[in-house]
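Commentary on secondary and tertiary structure
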Amino acid sequence: MASAKAAAILATWAATQTLLLILLPHSRHIGPQTPGGDTVSYRLNGVPTFIVTIAGFYLGAYWLDWFSPTIVYDHLGELLMTCNLAAIAGSVLLYLKGLWAPSTRDSGTSGWRVWDFYWGMELHPRLLGIDLKQLVICRFAMMGWAVILLSCAAKQIRDYGELSNSMAISVSLQLIYIFKFFWWEGGYFNTLDITHYRFGYRNFWGVLAWLPAVYPLASVFMVKHPNDLLLAAAIAIMALGLAAIWANYDADAQRQRVRASAGDTTVWGRKPVIIGATYTTPDGRQQETLLLMSGWWSVARHFHYVPELVLAVSWILPAGFEYALPWFYIPYLALLLMHRAAYDDHRCLEKYGQAWRAYCSRVPYRVVPYVY
Ligand code: NDP
C-alpha cells in the first residue's frame, strides 16, 4: 500500500535530486534541433551527481545515522505503490501543462484526449529552466535504480553477515551500466526517448513506476537468495557484462561521433561509410543529416540492442535458474527492443525515404544478422 512514510522518502529523494541538478557544477549541453525548430538546453552534471548521491547514501546511512541503508528495500512495496500513484497524478499534471502552458513548439493535441494523455502533449516539457525529462528519467529514475541496488546489497549484508559474490557481481554490473549512462548523458539527449517520445503517461509512468519495480528485480530477489559462484563463473559473467556495456556504449558513440564531426572521423579504424539523408520538418524546412553504415551500424540496423540484452542476462545470471522471477526483465526487454527496432525502422523510412531504403539494402537485418 502507498504510505505517508513512502511519500516522505520519495519527496526527499525528488528534492535532493532537483537540488543536485541545479547546484552541482555543470556545463550546458544543447540538444539536437527539435522537429518544431527549437533548441533545448540541458545541465550536464550526471557524473558528479552520481558520485555525490552514492557518497551521500553511505554518509547518511553509515556515518551520520540519518537513515538505515536498508531503507529502500525495507519499504520497497509501499515505495513502489506510492511511485505508481505519483506517476498517475504527475501524468495528469503533464497533460494539463501541455494543454495550458507548453514549453516549446513541439506540443499540441492529436485530437484524441485519451491518446494525448497516454502519449503526452509535449516533447520537451520544462519548468523554471529545468528539463522535466532529464530530471525525471535521468535523475529520479536512473539514479533511483542505483540507490535501490545499494539498499539491496546492504540488506543482504545485514541479514547474512556478508555480501555473496553473486549479489556483488550483479549490483556492480548494473552500477557500471548506470555510471556509463551518466558519463554519456549528453548522448542520451539524441535518443528516441528524448527526440521522439513525448512525455506523457507512457514514458512518465514507465520510468517512475515500472522501472524501479522491474529493472532491479534480480537484485531484490537475490537479497533472500544468497549464492556464491565459483570464481571462474564469476569472472566469466563479469567479463561478459563488461564487454556488453562497452559494445553498447561504443555503438551509441559511433553514431553520435559521425554526426557531430560531419563524417570526418574514423570508425573501427577506417573512414566511415555514410549516406546523406534529407528530411522535411513539420513546419516544412528541409534538413540534412547522415546515416552511418560502418562499425556496429553495418552489422545490423539496431545491433546495439543485442549487447543491451546480453548485459541484462549477465547481471541476472548470478541469480541462477531455479526461479523464473529474476528473469522477468529479459522477455520484457527483448519485446521492448524488438518492437522499438521495428517502430524506429518505420519512422526512419517515413522520415528519410530513399536514403533509408539504401541503408536497408546495404544492411538488411534489423537487430540480429540472419535472424531478424
Ligand atoms: P538509438 O539511439 O539507436 O536511436 C535511434 C535513432 O538513431 C533513429 O531514430 C535515428 O534517429 C538514428 N539512426 C538510426 N540509424 C542510424 C544510422 N545508421 N546512423 C545514424 N543515425 C541513425 O535508439 P534508442 O533510443 O532506442 O537507444 C539508445 C540507447 O538506449 C541504446 O544504447 C539502447 O540500447 C538503450 N535502450 C535501453 C532501454 C532499456 O530499457 N534498457 C530501452 C531502449 C533503449 P534520427 O531521427 O536522429 O535520424
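Data block above holds the structure.
Attention in this report is confined to the structure presented alongside it. (Residues numbered from 1 in each chain as written. Predicted model: local features only at pLDDT ≥ 70, side-chain atom pairs only at ≥ 80, totals over all residues. Heavy atoms only, no water.)

Structural notes on the nonpolar core
Grouped burial of nonpolar side chains is what soluble globular proteins tend to show. Convention followed: Only buried residues count toward a nonpolar core, which is a set of Ala, Val, Leu, Ile, Met, Phe, Trp, Tyr and Cys residues joined through side-chain atoms within 4.5 Å. Relative accessibility thresholds used throughout: buried, under 20% of the residue-type maximum; exposed, over 50%; partly exposed, between the two (1.4 Å probe, protein chains only). Any two residues having at least one pair of non-hydrogen atoms within 4.5 Å are treated as being in contact.
Counting residues in hydrophobic clusters, the biggest one holds 81 residues, and the most contacted among them are Trp145, Ile178, Phe182, Tyr188, Trp315 and Tyr329. Sequence-distant contacts of Tyr188, defined by excluding residues within four places in its chain, comprise Ile137, Cys138, Phe181, Asp193 and Ile194. Core analysis: the next-biggest nonpolar cluster, separate from the first, contains 21 residues, Ala251, Val258, Tyr279 and Leu292 among them.

Quick notes on the pairing of strand β6 (residues 286-292)
Filter applied, for reference: Helix and strand assignments follow DSSP, with helices taken as H or I runs no shorter than four residues and strands as E runs no shorter than two, numbered in order from the N terminus. When DSSP finds two or more bridges between a pair of strands, those strands are recorded as paired.
The buried count for β6 comes to 5 of 7 residues, which makes it a mostly enclosed element. For strand β5 (residues 274-280) and β6, the ladder comprises 7 bridges, and the chain directions are antiparallel. Paired with Ile274 across the strands is Leu292, a residue of β6. Taking the residues that link successive antiparallel strands as the turn, the β5-β6 hairpin has 5 residues, and the phi of Gly284 there is positive, at about 90°.

A short note on the site of the ligand
The test is simple: Near, as used in this document, describes a residue that has one of its heavy atoms within 4 Å of the molecule or strand being considered. N or O atoms within 3.5 Å of each other form a polar contact, as long as, within protein, one can give a hydrogen and the other can take it, and as long as residues adjacent in sequence are counted only when both atoms are side-chain atoms.
Taken together, the neighbourhood of the ligand is formed by 27 residues, with Tyr215, Tyr305, Arg340, Asp344 and Tyr352 sitting nearest. Within the side chain of His304, a nitrogen or oxygen atom sits 2.7 Å from an oxygen atom of the ligand. Interatomic distance of 2.6 Å between a side-chain N/O atom of Lys351 and an oxygen atom of the ligand. Mapped onto the shell around the ligand, the elements with two or more residues apiece are α12 (231-260), β6, α14 (305-316), α15 (329-352) and α16 (354-362). The dominant element in the shell around the ligand, judged by the number of residues it contributes, is α15, at 10 residues.

Considering the environment of Tyr372
With respect to the helices and strands, the residue Tyr372 is situated in the segment after α16. On the accessibility criterion, Tyr372 (32% relative accessible area) is partly exposed. Separated by 333 residues in sequence, Tyr372 and Thr39 have C-alpha atoms that sit 36 Å apart. Apart from the residues lying within four places of it in its own chain, the contact partners of Tyr372 are Met338, Ala342, Tyr365, Arg366 and Val367. At 3.4 Å, the side chain of Tyr372 forms a polar contact with the backbone oxygen of Met338.

Focus on α15
What counts is decided by this rule: Multiplying one less than the number of residues by 1.5 Å gives the expected span of a helix.
Here α15 is 24 residues long and its end C-alpha atoms lie 33 Å apart, about the 34 Å a rise of 1.5 Å per residue gives. All buried positions along α15 are accounted for by Tyr329, Ile330, Tyr332, Leu333, Leu337, Arg340, Ala341, Asp344, Asp345, Cys348 and Tyr352. In the stretch just after α15, Gly353 is the one whose phi turns positive, near 55°.

Some details on the packing of helix α1 (residues 4-23) against helix α4 (residues 76-100)
The cut-off we apply is this: Here an axis means a line fitted to C-alpha atoms, over the contact stretch when the element is a helix, while the angle between two N-to-C directions is reported on a 0 to 180 degree scale. Any angle that falls under 35 degrees is termed roughly parallel, while one over 145 is termed roughly antiparallel, one within 65 to 115 roughly perpendicular, and all others oblique. Any residue outside Ala, Val, Leu, Ile, Met, Phe, Trp, Tyr, Cys, Pro, Asp, Glu, Lys and Arg is labelled polar, Gly included; the first ten of those are nonpolar and the last four are charged.
It is the contact of α1 with α4, at a shortest axis distance of 9 Å, that shows an interaxial angle of 70°. As the angle between them shows, α1 and α4 are arranged roughly perpendicular. Between α1 and α4, the residues in contact are Lys5, Ala6, Ala7, Ile9 and Leu10 and Glu78, Leu79, Thr82 and Cys83, respectively. A class-by-class count of the residues in the contact of α1 with α4 yields 6 nonpolar, 1 polar and 2 charged.

Focus on the environment of Ile316
Locating Ile316 in the fold gives a position in helix α14. When the C-alpha positions of Ile316 and Asp228 are compared, they lie 14 Å apart, and in sequence the two are 88 residues distant. The contact partners of Ile316, leaving out residues within four places of it in the chain, are Ala218, Pro326, Trp327, Tyr329 and Ile330.

A word on the side chain of Glu185
Within the fold, Glu185 resides in helix α8 (residues 185-188). Among the polar contacts made by the side chain of Glu185, one reaches the side chain of Gln134 at a distance of 3.2 Å. Apart from residues no more than four positions distant in its own chain, Glu185 is found in contact with Leu44, Asn45, Gly46, Gln134, Cys138 and Arg139.

Remember that the coordinates give geometry; whether it matters functionally is a separate question.
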